[in-house]
Amino acid sequence: MNTNNNLDNLTSGRYELNKKIPYLSQFMTPELGVQIINGTISAKQDPKWQAFGSAFVNEYEFWGRRSCAIAAINMVLSAFRSTDLSMMQLVQKAIDYGGYDVYDNQGNLIDVGWYHPSLIQLGREFGMEGVMKSNCNLDVICSAILLSHPVIASVSIQLGAPSIASSQTSGHMVVIHGFEWDHIHGCKTLIVHNPFAETKELGESAEIESAEFLRHFSGRVIELWPNNLFEDHEGKLAYEPLEDAIKGGVKAEIADQYDTIYEADLARFASEKKEAHLNQNVNQEAWAAKNLAETYRRLSEYKRSVSEYEYALKLFKDTGDYKGCGWCYWGIASIQRMQSQYQNSNQNYRLSFDAFQNADYAFGMSGAEGGLAENERIIGSPQIALQKHLKLLADFEVHEVKRAILWAHTGIAQISVSIGKYSLGGFHFQQALIRSREMNYPVGIGWSLLGLSDISRILINIPQSIIYAKLALEAFQSAGYKVGTLYGLLNHADILRAQGKYQDAISICKSVVKQFQELGKVRGAGYGLLGMAANQRLQGHFEQAQANYAVALEIFQDHEVKFGIIKSKLGLCDTLRLMNKVAPCVELLTELEIECKHLGYDVDYLHTSLCKQLTKLQITEIKSQEMVNQIDKLINSYYDLGLLWGVFHGYLAKALSTENSERAKWLHVARKGSLQLNYSHGTELVDLGTDKLGLGYALDFV
């Protein structure tokens, strides 16, 4: 039974990518490939060997048989990007990313590769995004194809060459660009470009029955998609890196520059309200009061806003204007949500929905439903909120309610990120961005870009994260949207933290916390304090970090923000561990594990479990096989979520939990993984790997 929503109602038929993937062999004369692999002839006998781009035939002989992954990446790039590079040039680029180990540190031939992170980095260089997945079934592959995402799968070489005996289900890579679906039995056949095959039928667009494919499939794939958001008129990626304008911090007055944008609106709506009242035009007076209330709400003047909403609501009731009533209930509910009055907020969202329903106003109904879903997300029911947004999206697409579709995509994306579904979140943020651009809606553009920046940072694509962050901030500033601008600045602080610029990040967080407090946005101040505490802990200022985590925890508990509560408790526990105050930590971490698992916060569950293992190790200093096995499970779970930095920190934890004879090996693996992604912070941690306290920094990335 498939569990993917986009496959539930799929009709029988053949489905392929919307972009034709050209076929490329890893051998320049494909028909000689089997003979070269089995040693019947030498690669030197390939008359076209120079087309590989090798300077010497011996170079082609070595890399030709090892370049299936490069051929697979090249096929995808040839469809979406023009690289103008030879196979050998791509091989060298992937090696530069740490993709293949020919020799070990002692100069011995080990011949191990290709590492998947290096292939993703190679794709990123040419404008492709990607994610690794393990333990995949056919539904995962088919869902990716429906999203027009090419899939590179790890398989046995025997898939394309039955005559070659092999008991493995890995060691070779192929490109999947289509499938045949049966609405009863699911995936029947996969359409595969195999860069090494005995016959053309098994190579180019080979139709492999699902059972046969699964027999040779490792369960590991790389899913790719083009990043088309920042291209110039020639289709090339074009952007300017973020300048260090925020390096020294941000002035506290940054929010004040936007006040003038709303001053004209306040004066205009107040004048319209007064004039309509004098003329006894009740309907016009009601709408002017509603617009005045909305402007006060955007300025965070909530008391005056509610007063105007209530005044307008009375007039709308008198005139029987259900649409106006709906917007007033919605505005009051939004303010109550910001003030953490969730029960009252839900009540007014429901009144808003009823009023919009009476007015037969689909967009308003969507806003009310979206508000209810957002309340569910904040108070700790992300799975319920996700299902509501998915249902809303389906309904709105049928009725073509554009603004509602936009916010449904945004809601799905935000929840997906909070529960660790980054690929799903990225897709819906991209859809929200497309909708926002079509509507020329800068606030929607800003939130979409901010979400994409967060995902890129979490997946250790810092250059791309910087691009998104810069444009998100510009979008918010162009709209005069203070709250979005402040969250954008916190995102910049997160990027600086990922780059090791801790003091710069603290300067921004301090300024943003102050501004959120001045605006009465207490939750925003809480998130700013979390960022400040994380950076202070990285600097070794544990007492300051402890104090800020404690204040953030109090804020989130007072406002029932479940996600913030979990983040605060986890940060507090790890800080106490680093201060050798470990006695209460294991019990609290055990409670957090259960809570995170129940709520579906998979990433925080892994962080909590890793912190718990390290705390137990610090208490007992007993390095048991049970602990090593538990850390191995955590490593596999991080891998499944695509959190490569978590994988490498897991290996670092494994090094600390094993005997000295094994420690060097796992430290090497952690260093290798960090180097592959240019993850300098991870490399720095490996250097501290013999110190238990050094590992405390592992949980600060997200």
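Residues numbered from 1 in each chain as written. Predicted model: local features only at pLDDT ≥ 70, side-chain atom pairs only at ≥ 80, totals over all residues. Heavy atoms only, no water.

## Comments concerning the overall build of the protein chain
Okay, so step 1: When its secondary structure is counted, the protein chain shows 29 helices and nine strands.
Okay, so step 2: Residues classed as buried in the protein chain amount to 58% of the 702 residues present.
Okay, so step 3: Partitioning the contacts of the protein chain with sequence separation of at least 6, the portion at a separation of at least 24 is 63%.
Okay, so step 4: Entry remark: accessible area of the protein chain is about 29800 Å², with carbon and sulfur atoms responsible for 49%. (Helix = DSSP H or I, 4+ residues; strand = E, 2+ residues; numbered from the N terminus. Buried < 20%, exposed > 50% of the residue type's maximum accessible area, 1.4 Å probe, protein only. Contact = heavy atoms within 4.5 Å. Areas by Shrake-Rupley, 256 points an atom, 1.4 Å probe, with all protein chains shown as cover.)

## Regarding the packing of helix α12 (residues 342–358) against helix α13 (residues 362–378)
Okay, so step 1: Axis separation between α12 and α13 bottoms out at 8 Å; the angle between their running directions is 160 degrees. Taken together, the axes of α12 and α13 are roughly antiparallel relative to one another. In the packing of α12 onto α13, the handedness of the crossing is left-handed. On α13, the residues touching Tyr 342, Ser 345, Asn 346, Tyr 349, Arg 350, Ser 352, Phe 353, Phe 356 and Gln 357 of α12 are Gly 364, Met 365, Gly 367, Ala 368, Glu 369, Gly 371, Leu 372, Asn 375 and Ile 378.
Okay, so step 2: Considering only residue class, the contact of α12 with α13 consists of eight nonpolar, eight polar and two charged. (Axes fitted to C-alpha atoms, helices over the stretch in contact; angles between N-to-C directions. Parallel < 35°, antiparallel > 145°, perpendicular 65-115°, else oblique. Left-handed = near helix turned anticlockwise from the far one by under 90°. Nonpolar A, V, L, I, M, F, W, Y, C, P; charged D, E, K, R; others polar.)

## Considerations on the confidence of the model for the protein chain
Okay, so step 1: With 86% of its residues at a pLDDT of 70 or more, the protein chain has an overall mean of 82.
Okay, so step 2: Throughout residues 229–260 the model reports pLDDT below 50, and contacts reaching past four residues in sequence, or to other chains, amount to 54 contacts.
Okay, so step 3: Under a pLDDT of 50 for its full length, residues 689–702 has, in the predicted model, 61 contacts with residues more than four places off or in other chains. (pLDDT = per-residue confidence, 0-100.)

## Regarding the pairing of strand β7 (residues 186–193)
Okay, so step 1: Counting buried residues in β7 gives seven out of eight residues, a clear majority hidden from the surface.
Okay, so step 2: The pairing of strand β6 (residues 172–182) with β7 spans seven bridges and is antiparallel. Along β7, the bridge assignment pairs Phe 179 with Leu 190.
Okay, so step 3: Linking β6 to β7, which pair antiparallel, is a turn of three residues.
Okay, so step 4: Judged from the four bridges that link them, β7 and strand β8 (residues 206–209) form a sheet pairing that is antiparallel. Bridge pairing in β8 links Ile 191 to Glu 207. (Pairing = 2+ DSSP bridges.)

## Quick look at helix α27 (residues 644–657)
Okay, so step 1: The end-to-end C-alpha distance of α27 is 20 Å, a good match for the 20 Å that 14 residues give at a rise of 1.5 Å each.
Okay, so step 2: Of all 14 residues that make up α27, 13 are buried, and the element is covered over most of its length. (Expected span 1.5 Å × (residues − 1).)

## Notes on the pattern of salt bridges
Opposite charge on two side chains permits pairing when their charged atoms draw close.
Okay, so step 1: Counted under the stated rule, the structure contains 23 salt bridges.
Okay, so step 2: Between Asp 574 and Arg 537 there is a salt bridge whose closest N-O contact spans 3.1 Å. Of the two residues, Asp 574 sits in helix α23 (residues 562–578) while Arg 537 sits in helix α21 (residues 522–538), which places them 37 residues apart along the sequence. Across the pair, Arg 537 and Asp 574 agree in class, each one buried.
Okay, so step 3: A salt bridge links Asp 604 to Lys 567; the shortest N-O distance between them is 3.0 Å. Placement of the pair is Asp 604 in helix α25 (residues 602–620) and Lys 567 in helix α23, with a sequence separation of 37 residues. (Salt bridge = Lys/Arg side-chain N within 4 Å of Asp/Glu carboxyl O.)

## Overview of the packing of aromatic side chains
Okay, so step 1: Going through the model one piece at a time under the given rule, you end up with 22 aromatic pairs.
Okay, so step 2: Ring geometry for Trp 407 against Tyr 441: centres 6.0 Å apart, planes inclined by 85 degrees, an arrangement best described as edge-to-face. Taken together, the positions of Trp 407 in helix α15 (residues 402–418) and Tyr 441 in the loop between α16 (422–438) and α17 (442–458) put the pair 34 residues apart, joining distant regions of the chain.
Okay, so step 3: Through a chain of ring-to-ring contacts, the aromatic side chains of Trp 447, Phe 476, Tyr 481, Tyr 487 and Phe 516 assemble into a single cluster.
Okay, so step 4: Note that Arg 66 overlies the ring of Phe 62, its terminal NZ or CZ placed 3.8 Å from the centroid.
Okay, so step 5: A cation over an aromatic ring shows up here: Lys 597 above the ring of Tyr 605, its NZ or CZ 4.6 Å from the ring centre. (Phe/Tyr/Trp six-rings, centres within 6.5 Å; stacked < 30°, edge-to-face > 60°. Lys NZ or Arg CZ within 6 Å of the ring centre and 35° of its normal.)

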